[in-house]
Amino acid sequence: MASRSLRVETEGARPLKVLRVLARLNIGGPARHAVVLDEGLRRRGFEGLLAHGSPEPGEGSLEGLAAERSIRRVHIRGLGRQIRPWRDLLALVQITRLMFSESPDVVHTHTAKAGTVGRLAALAYNATRSRRRRCLVVHTFHGNVFSGYFGRSGSATVRLVERLLAGVTDKIVTVS
């Protein structure tokens, strides 16, 4: 089966804007995926912006790779791997402001943490838009945090949050 290549018609119109949200550009699959995805989207006529936090101490960084490939990106203070309510709230506010300044057509979140913060920001953004002008929300799971990661009650909470966020997500992508 031949795959079809999506091309965005930009004649007379602006390119579609895709805001991707990733907790951190550490060395690993999700960060590499985000860099490669950005390159593919640009080749197809999309305008991309990657919002990301910082790698944890001791983690390697792919920020240099993103810079080397001229990926348009913005650092979100407070966004990272660990759950830290105050910093997470700060990141939520920053990402929401970014959405209002960028007016993305698509918000694509990656991983559980960035998926939660980014989709909540998209919910706030879309709540102020007419149905025709709201952004599409896409989330990609990179790994499984549904069981065994946070203990029994933490896993139940994660599953509940993901069920609720699925209601504001237009497409969910799983990596296998």
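Heads up: the structure comes first, above all this text.
Note that the structure is predicted; figures quoted are calculated from it, not measured.

Each value, and the rule that gives it
Residues numbered from 1 in each chain as written. Predicted model: local features only at pLDDT ≥ 70, side-chain atom pairs only at ≥ 80, totals over all residues. Heavy atoms only, no water. Axes fitted to C-alpha atoms, helices over the stretch in contact; angles between N-to-C directions. Helix = DSSP H or I, 4+ residues; strand = E, 2+ residues; numbered from the N terminus. Left-handed = near helix turned anticlockwise from the far one by under 90°. Contact = heavy atoms within 4.5 Å. Nonpolar A, V, L, I, M, F, W, Y, C, P; charged D, E, K, R; others polar. Patch = residues over 30% accessible without salt bridge, like charges linked within 9 Å, V, L, I, M, F, W, Y side chains within 5 Å. Areas by Shrake-Rupley, 256 points an atom, 1.4 Å probe, with all protein chains shown as cover. Salt bridge = Lys/Arg side-chain N within 4 Å of Asp/Glu carboxyl O. Phe/Tyr/Trp six-rings, centres within 6.5 Å; stacked < 30°, edge-to-face > 60°. Buried < 20%, exposed > 50% of the residue type's maximum accessible area, 1.4 Å probe, protein only.

1. Structural notes on the packing of helix H4 (residues 112–127) against helix H5 (residues 151–166)
Angle between the axes and distance between the axes: these two values describe a pair of packed helices. Relative to each other, H4 and H5 sit at 35 degrees, their axes nearing to 11 Å. The two elements H4 and H5 meet at a crossing, and its hand is left-handed. Residue-level contacts link Gly 115, Thr 116, Arg 119 and Leu 120 of H4 to Val 161, Glu 162, Leu 165 and Ala 166 of H5. Here the residues of the contact of H4 with H5 are counted per class, giving four nonpolar, two polar and two charged.

2. Re a nonpolar patch on the surface
Together, Trp 86, Leu 89 and Val 93 make up an exposed nonpolar region whose accessible area comes to about 340 Å². Position of Trp 86 relative to the elements: it lies in helix H3 (residues 85–102).

3. A closer look at the packing of aromatic side chains
The tally for this structure, following the rule as stated, stands at one aromatic pair. A ring pair is formed by Phe 100 and Tyr 125, whose centres lie 5.1 Å apart and whose planes are at 70 degrees; its orientation type is edge-to-face. Taken together, the residues span a long stretch of sequence, with Phe 100 in helix H3 and Tyr 125 in helix H4 at a distance of 25 residues. You can call Phe 100 partly exposed: its relative accessible area is 36%.

4. A word on unusual backbone geometry
One non-glycine residue, Ser 70, lies in the positive phi region at around 55 degrees. Its location among the elements puts Ser 70 in the loop between helix H2 (63–68) and strand E3 (73–75). Assessed through its relative accessible area of 53%, Ser 70 is described here as exposed. Phi at Ser 103 is positive, roughly 50 degrees, even though this residue is not glycine.

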